[in-house]
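Report on the structure
Here's the letter readout for the chains.
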Amino acid sequence: MSSHNNGWRSAAVSTGTTIIAVRYDGGVVIGSDSRASMGGEYVSSRVINKVVQVHDKIFCCMSGSLADAQAVTNAAIHKLNFHSMQMGEPPLVQSAASIMREFCYKHRDELSAGFIVAGWDRKRGPQVFEVSLGGMVVEQEFTIGGSGSTYIYGYMDAKFKPGMTREQCLTFTTNAITLAMDRDNVSGGVVHLAVVTESGAERQLIPGNKLPVFSRVLLVNEYLGIQVRVVVRGNAFESFWRAQSTRRVVRRV
Amino acid sequence: MAASMMLNPAHNIYNPHDLAADWFGQEVSTGTTIMAVEYDGGVVIGADSRTTTGAYIANRVTDKLTYIHERIYCCRSGSAADTQAIADAVTYQLGFHSIELDEAPLVQTAANLFKEMCYRYREELMAGIIVAGWDKRRGGQVYTVPMGGMLVRQPVSVGGSGSSYIYGYMDSNYKSGMSKEECLRFTGEALSLAMERDGSSGGVARLAAISEEGVERRVILGNQLPKFFSA
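These numbers were taken from a predicted model, which means no experiment stands behind them. (Residues numbered from 1 in each chain as written. Chains lettered and ligands numbered in written order. Predicted model: local features only at pLDDT ≥ 70, side-chain atom pairs only at ≥ 80, totals over all residues. Heavy atoms only, no water.)

1. Structural notes on the sheet that holds strand E12 (residues 205-211) of chain B
Residue and element names in this part refer to chain B. The five strands lie next to each other as E11-E2-E3-E12-E13, forming an open sheet whose pairing is antiparallel. Either end of the sheet is taken by a strand with one partner, and the two such strands are strand E11 (156-159) and strand E13 (214-220). For this sheet, the mean inter-axis angle between neighbouring strands, taken without regard to orientation, is 15°. Here strand E2 (residues 34-39) runs beside strand E3 (residues 42-47); their pairing, made up of six bridges, is antiparallel. Looking at E3, one finds that Val37 is bridged to Val44. Sheet strands touched by helix H5 (residues 180-197): E2, E3, E11, E12 and E13. Its angle to E2, the strand with the most contacts, is close to 160°. (Pairing = 2+ DSSP bridges. Helix = DSSP H or I, 4+ residues; strand = E, 2+ residues; numbered from the N terminus. Axes fitted to C-alpha atoms, helices over the stretch in contact; angles between N-to-C directions. Contact = heavy atoms within 4.5 Å.)

In structure tokens:
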């Protein structure tokens, strides 16, 4: 295990991540966490924004290898801009998804990045596309991606309803990302959000201490025949500290 | 692939493994979803019913909720052979221990027996087990013994390949102080969501509620499973 200590130093920067986009009647809500990690051991950036604006009303979320994702995104921004100037009108969301897919598919053996493309256009309104690793494009009502997404498939299936309002969508997206960050060690930090409607795009940031809280029963232990259940509400750091101090109190009894 | 075939033209042009289906050489696994929840007065346990050998479903009505003692059950995930062997061994040991004690064994004892075996033979075994039951001393308890042989008591625990997909649902929907019916519904919904997303989980949802009164078993058939939005 000689490489154990050097693990993250020789690992590529990856956005082990959680990304999500949800469509509602008037627009789309796009969200992501903010952690970039190396080798699953080192957080190389805790404030990275994975929600990238590729055009006025089209956004895309990155996942996978950060280098690959940035390269593809930058190339797509350039190409989409050019396409839009040629057509003389704002580009379709489908065009943006197509351009990203072209890169992903053409270089599928070299690249390792997945995307969610979402936005609003005049022809078909709000749309969400998933452009996955090998270059498949699928349009969906909502979609999740990244390593943290596995933990929230059940939550998404249970809680999503078509026809939500903008506020419900924002809550739904924030809750989903928070739950994923709580379970996935390579997702974390703050929640970056973007809302795209006919009138334009708006970004939001929800810092760690303002994230929704899901109470957790941390410990069930028995001291001297007395069951101690520690149920804590609060962010992860606060909960852990409170649990530790409670343990110290019980020992003295 | 084309490039590598050109390099050794003298080899057989067919792969002997093509003569048999892909799943012939695969180990039988309970790629699965299992879950257990404590409530005041007992526990609710649940599992799906699919056993796979590669891509073939060897048994679509498996019972993964295994009897260990009158009020102690275990949920099995991982290799079907390994978990059956461990469960049989623990059932024997616990039965013997209970006769020696002349009273019902503790759930903690059963959990420790599982842990001893899973930890000692950790290199050879592939077994993730949730032990749950009721005893007079501590009421309903859930102990999880994942691969590697750790033992920890939790109020709610999920396991198996399908469990990844329901962590978010479990974190957001679990509340302490649920009643037996609420726990049964919570477990049924969680299993249904996992079975929908995980290819190695499916079939029917088997549930059991263990309390002082005894064990009450239920089956939710495929078409009766709670339905959710699927994109």
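2. Considerations on the interface of chain B and chain A
Each partner contributes residues to the interface: chain B has 20 residues there, and chain A has 23 residues. Here chain B meets chain A over a buried area of about 2100 Å², counting both sides, of which 58% is carbon and sulfur. A per-residue breakdown of the area chain B buries against chain A is headed by B:Tyr165, B:Asp171 and B:Phe229, which together make up 29% of the total. Inspection of the chain B/chain A interface yields two salt bridges. Its salt-bridge partner being A:Asp157, residue B:Arg197 comes within 2.9 Å of it at the nearest N-O pair. At the junction of chain B with chain A, the criterion picks out five residue pairs in polar contact (both at pLDDT 80 or more). (Buried area = accessible area lost by both parts, 1.4 Å probe. Salt bridge = Lys/Arg side-chain N within 4 Å of Asp/Glu carboxyl O. Polar contact = N/O pair within 3.5 Å; in protein donor to acceptor, adjacent residues only side chain to side chain.)

3. Here's the deal with the pattern of salt bridges
Pairs can form between side chains of opposite charge whenever their charged atoms are close. The full count for this structure, using the stated rule, is 18 salt bridges over all chains. Two residues, B:Asp171 and A:Arg183, come together in a salt bridge whose shortest N-O distance is 2.9 Å. A residue pair is termed interchain when its members come from two chains, as with B:Asp171 in helix H4 (residues 167-173) and A:Arg183 in helix H4 (residues 166-183). For the salt bridge of B:Arg120 with B:Glu116, the shortest nitrogen-to-oxygen distance reads 3.6 Å. Here B:Arg120 and its partner B:Glu116 are both found in helix H3 (residues 107-120), four residues apart, which amounts to about one turn of the helix. B:Arg120 sits in the exposed class, given a relative accessible area of 58%. (Buried < 20%, exposed > 50% of the residue type's maximum accessible area, 1.4 Å probe, protein only.)

4. Examining the confidence of the model for chain B
Residue and element names in this part refer to chain B. Looking at chain B, the pLDDT average stands at 89 and 87% of residues meet or exceed 70. Confidence over residues 1-12 falls short of pLDDT 50; this stretch has zero contacts with residues more than four positions distant or in other chains. As scored by the predictor, the complex reaches a pTM of 0.81 and an ipTM of 0.77. (pLDDT = per-residue confidence, 0-100.)

5. Things to note about the sheet that holds strand E2 (residues 19-24) of chain A
Residues and elements named next belong to chain A. The five strands are arranged E11-E2-E3-E12-E13 in an open sheet whose pairing can be described as antiparallel. Looking along the sheet, the strands with just one partner apiece sit at the ends: strand E11 (142-145) and strand E13 (200-206). Strand-to-strand twist in this sheet, taken as the mean axis angle between neighbours without regard to direction, amounts to 10°. Looking at chain direction, E2 and E11 are connected through four bridges and run antiparallel. Across the sheet, residue Ile20 finds its bridge partner in E11, namely Ile144. This element, H4, spans E2, strand E3 (27-32), strand E12 (191-197) and E13 of the sheet and lies at about 160° to E2.

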